[in-house]
Amino acid sequence: MSNPLSNVEMVRQQVATAARRAGRDPSAVTIIAVSKTHTIAEIEQVLAAGLNHLGENRVQELQEKWPTLGGRATWHLIGSLQTNKVKPAVEMASLIHSLDRDSLAQALAREAERLGAPVNVLVQVNVSGEESKHGIAPAELEPFLRRISQGGGLQVQGLMTMAPHASDPELARPHFRRLRELARELGTLGLPHVNLQQLSMGMSGDFEVAVEEGATLVRVGTAIFGAREPR
Ligand SMILES: *Cc1c(COP(=O)(O)O)cnc(C)c1O
């Protein structure tokens, strides 16, 4: 049986150990508990453990949980976002990790303008180049950031990536390192509304490697909640 409370403690320790190994301050890493498919009761156990950053990959599921849990956590939208769901997404999520195309940037910017407040986003980068993955190709990232920067409305807080699925977490390392290097290189351009401080990388199988490579946000589902039911 999976016990979210002790799992949270274990993940915290693993994050802290990985951070120290890399000479980093463990408090520079925020653990996002990825609560997709899990019940309110399960999520409440995680909140009780003091972890209050939650990640969902579908707007609709977030809307279902919102009436009960909304105000008790900081929500991250980590899955791909359709332009017709931008309004509820921005209402509920403090940070959208999955900005991956111009049409979405435009829709988010319009929503920001309507609200009169900037919308916080991460740009998802397809570092591995896998066709199945969403995200901006590394070579396209600079022009993409320049377009967003000119448009206004969005505040780019950093970059997000997903490493290819692999049994050996070391195989993810070059991808995470590449994301960190991209953030460093493009951060020096000094583009308005672009401040690449946040690196969202690492999931249950590879978050320790991601922390060693500079992750500031790790998205951990299974290692906290246990396996998800297929849906
Ligand atoms: C589901 C999901 C995660 C968490 O995956 P686990 O392997 O269960 O930790 C992280 N990031 C994204 C984008 C996801 O969709």
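Residues numbered from 1 in each chain as written. Predicted model: local features only at pLDDT ≥ 70, side-chain atom pairs only at ≥ 80, totals over all residues. Heavy atoms only, no water.

1. Examining the packing of aromatic side chains
One pass over the structure, following the stated rule, counts 1 aromatic pair. Between the aromatic rings of W66 and W75, the centroid separation amounts to 6.4 Å while the plane-to-plane angle is 50 degrees, which identifies the pairing as tilted. (Phe/Tyr/Trp six-rings, centres within 6.5 Å; stacked < 30°, edge-to-face > 60°.)

2. Re the side chain of K65
Looking at the element boundaries, K65 is found in helix α3 (residues 59-69). From its side chain, K65 meets the backbone oxygen of S35 in a polar contact 2.9 Å long. (Helix = DSSP H or I, 4+ residues; strand = E, 2+ residues; numbered from the N terminus. Polar contact = N/O pair within 3.5 Å; in protein donor to acceptor, adjacent residues only side chain to side chain.)

3. Considering the environment of F176
Relative to the helices and strands, F176 resides in helix α7 (residues 173-187). The spatial distance from the C-alpha of F176 to the C-alpha of P143 is 21 Å, given a sequence separation of 33 residues. Not counting the four nearest positions on each side in its chain, F176 is found in contact with T161, A163, M201, G202, D206, V209, A210 and E213. (Contact = heavy atoms within 4.5 Å.)

4. Structural notes on the site of the ligand
Every residue close to the ligand is listed here: V34, K36, N57, I78, M162, M203, S204, R219, V220, G221, T222 and R228. K36 has a polar side-chain atom sitting 2.7 Å from an oxygen atom of the ligand. In the complex, the protein chains occlude 90% of the 390 Å² of accessible area that the ligand would expose alone. Here the shell around the ligand is composed, by residue class, of 5 nonpolar, 4 polar and 3 charged. (Near = heavy atom within 4 Å. Areas by Shrake-Rupley, 256 points an atom, 1.4 Å probe, with all protein chains shown as cover. Nonpolar A, V, L, I, M, F, W, Y, C, P; charged D, E, K, R; others polar.)

5. Description of the packing of helix α6 (residues 138-151) against α7
At a closest axis distance of 11 Å, the pairing of α6 and α7 adopts a crossing angle of 35 degrees. Crossing hand, α6 versus α7: right-handed. Across the interface between the two elements, P138, L141, E142 and L145 of α6 pack against R178, L182 and L186 of α7. Among the residues forming the contact of α6 with α7, the class breakdown is 5 nonpolar, no polar and 2 charged. (Axes fitted to C-alpha atoms, helices over the stretch in contact; angles between N-to-C directions. Left-handed = near helix turned anticlockwise from the far one by under 90°.)

6. Remarks on the pairing of strand β4 (residues 95-99)
Where burial is concerned, most of β4 is hidden: 5 out of the 5 residues are buried. In this structure, strand β3 (residues 74-77) lies alongside β4, joined through 2 bridges in parallel fashion. Among the inter-strand pairings, H76 is bridged to a residue of β4, identified as L95. After leaving β3, the chain enters helix α4 (residues 86-92) and then returns to the sheet as β4, a path that is right-handed. For the segment spanning β4, helix α5 (residues 102-115) and strand β5 (residues 119-124), crossover handedness is right-handed. (Buried < 20%, exposed > 50% of the residue type's maximum accessible area, 1.4 Å probe, protein only. Pairing = 2+ DSSP bridges. Right-handed = clockwise from strand over helix to strand, strands pointing away.)

7. What to know about the pairing of strand β7 (residues 194-200)
A regular strand carries its side chains on alternate faces of the sheet. Across 4 bridges, the pairing between strand β6 (residues 154-160) and β7 is parallel. Within β7, the position partnered with V156 by the bridge is V194. Handedness of the β6-α7-β7 crossover: right-handed.

8. Here's the deal with unusual backbone geometry
Even without glycine at this site, T37 takes up a positive phi of about 70 degrees. Relative to the helices and strands, T37 resides in the loop between β1 (30-34) and α2 (40-48). Positive phi, normally seen in glycine, also occurs at H193, with a value near 65 degrees. Tracing the chain through its elements places H193 in the loop between α7 and β7.

9. Points about the side chain of Q124
Along the polypeptide, Q124 turns up in strand β5. The buried category is assigned to Q124, whose relative accessible area is 4%.

10. Topic: the nonpolar core
Core analysis: the biggest nonpolar cluster contains 68 residues, and L99, L108, V123, L159 and I224 have the highest contact counts within it. With residues near it in sequence (within four places) discarded, V123 still touches L99, I136, L141, F144, L145, I148, V156, G158, L159 and M160. Core analysis: the second largest hydrophobic core is formed by 5 residues, I32, L122, M160 and L217 among them. (Core = buried A, V, L, I, M, F, W, Y, C linked by side-chain atoms within 4.5 Å.)

11. Remarks on the environment of Q14
Within the element layout of this structure, Q14 appears in helix α1 (residues 4-21). What makes Q14 partly exposed here is its relative accessible area of 26%. Expressed as a C-alpha distance, the spacing of Q14 and T68, which sit 54 residues apart in the sequence, is 30 Å. Those residues in contact with Q14 that sit more than four places away from it in its chain are F207 and E208.

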